[in-house]
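Observations on the three-dimensional arrangement
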Amino acid sequence: VVTWNVGTAMPPSDVTSLLHLKAGATKEADMIAIGLQEVNSKLNKRLKDALFTDQWSELFMDVLSPFSFVLVSTVRMQGLFLLLFAKYQHLPFLRDIQTDCTRTGLGGCWGNKGGVSVRLSVFGHMVCFLNCHLPAHLEKAEQRKQDFATILHMQQFEGRAANGILDHDLVFWFGDLNFRIESLDIRFVKYAIDSNILSQLWEKDQLNIAKSTWPVLSGFQEGPLNFPPTFKFDVGTNKYDSSVKKRKPAWTDRILWKIKAPGAGCPPGRGSLALSQLCYCSHMEYTVSDHKPVAAVFAVQFASKADSPAVEICVAEEWSRPEQAVVRYRMATGFHRSSWDWIGLYQVGFRHPKDYVSYVWAR
């Protein structure tokens, strides 16, 4: 999972370290979720992105497709972006993919703040990715709580399984959550950062405080903040805000998760899942924004695994004559057919579901 408030910055030329490609971790990854905030959302830019693929999506697809990743789903609300990639061999086992978005800016009328989500069934387990941009400023902690509660209440999905966000077996919540460090003077905060005594700042972090006092955050977990606060930097540098405002550094950019409690609406016999966080870090090498991107790597172990594809495609391995180019398919028992079902022909290395060479309707 990656989260980054990019501001109005142009995409950087190289995101290999951000996606942990240099370390090789992504080669072993199965899914990658990328949440962006404050992407240039001026009207002329949004109209251009509606006609053509936006630059950020193009960048991530170009980088990840050689590693066999396909863009499974994407959702955008003004400057708030969420992209979900998966290895192509997993696509037959990803089902019930839905997206939603909730505006909370200007009393729910404007999408500069709010949340966007992608939810899906992964090998039979319901997983939801929620990217949020909550209100800014130190004194708006209560407003952040109310906006998050509104997002959880407003986002509803179709189908019998997991109608609301918290109904999912696993929820990843991330974004520019805008929580700040209370009480402490800016000079002490900078001293603690320079002296690498970050633990002295943790107890004054608003989100850490809220996790133990706000019922809406019950069950959400986060790894230790062993990296410096990710906001606010002078653009183009690793230097904290030197403007007249001199904003106090804060961990505004966060990645949390929540596992549904055992027995809380889980189908009998399916069992619960286990999660371990392998990495939680910021990336100081990116200086195009006043925020530093944050990434987390997780290992999720399912107690059970639904690994029978809903539709199995059968194709001859080699075609020597045109009449051999026949595709047959078998549907699993209970598969709910739709008049919108179609079969696409793709080249190896395709980047997203619309990247087909040709398609036919599955009558």
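Residues numbered from 1 in each chain as written. Predicted model: local features only at pLDDT ≥ 70, side-chain atom pairs only at ≥ 80, totals over all residues. Heavy atoms only, no water.

Thoughts on the sheet that holds strand β2 (residues 31–37)
Taken together, the six strands give an open sheet; going across it, the order is β3-β4-β2-β1-β11-β10, and neighbouring strands pair in mixed fashion. Of all strands in the sheet, those bounded by a partner on one side alone are β3 (69–77) and β10 (274–282). For this sheet the average axis-to-axis angle between neighbouring strands, irrespective of direction, equals 15°. The sheet contact formed by strand β1 (residues 2–5) and strand β11 (residues 294–301) spans two bridges and is antiparallel. Bridge pairing in β11 places Thr-3 opposite Val-294. In this fold helix α3 (residues 55–64) packs onto β1, β2, β3 and β4 (80–87), with an angle of close to 15° to the strand it touches most, β4. (Pairing = 2+ DSSP bridges. Helix = DSSP H or I, 4+ residues; strand = E, 2+ residues; numbered from the N terminus. Axes fitted to C-alpha atoms, helices over the stretch in contact; angles between N-to-C directions. Contact = heavy atoms within 4.5 Å.)

Considering the domain arrangement of the chain
The domain boundaries assigned to the chain delineate domain 1 (2–90 + 136–145 + 170–301) and domain 2 (311–361). Relative to domain 2, the C-alpha centre of domain 1 lies at a distance of 36 Å. For the domain 1 and domain 2 pair, buried surface summed over both sides reaches about 560 Å², with 57% attributable to carbon and sulfur atoms. Per-residue buried area on domain 1 facing domain 2 is highest for Met-61, Ser-65 and Val-70; these three make up 60% of the total on that side. For the pair domain 1 and domain 2, the number of links is two salt bridges. Where Arg-351 meets Glu-58, a salt bridge forms, and the shortest distance between an N and an O atom there is 3.0 Å. Counting across the domain 1 and domain 2 interface gives three residue pairs in polar contact (both at pLDDT 80 or more). Only α3 and β3 provide two or more residues apiece to the side of domain 1 that touches domain 2. At four residues, the largest contribution of residues to the side of domain 1 that touches domain 2 is made by β3. (Domains from an automatic or database assignment. Buried area = accessible area lost by both parts, 1.4 Å probe. Salt bridge = Lys/Arg side-chain N within 4 Å of Asp/Glu carboxyl O. Polar contact = N/O pair within 3.5 Å; in protein donor to acceptor, adjacent residues only side chain to side chain.)

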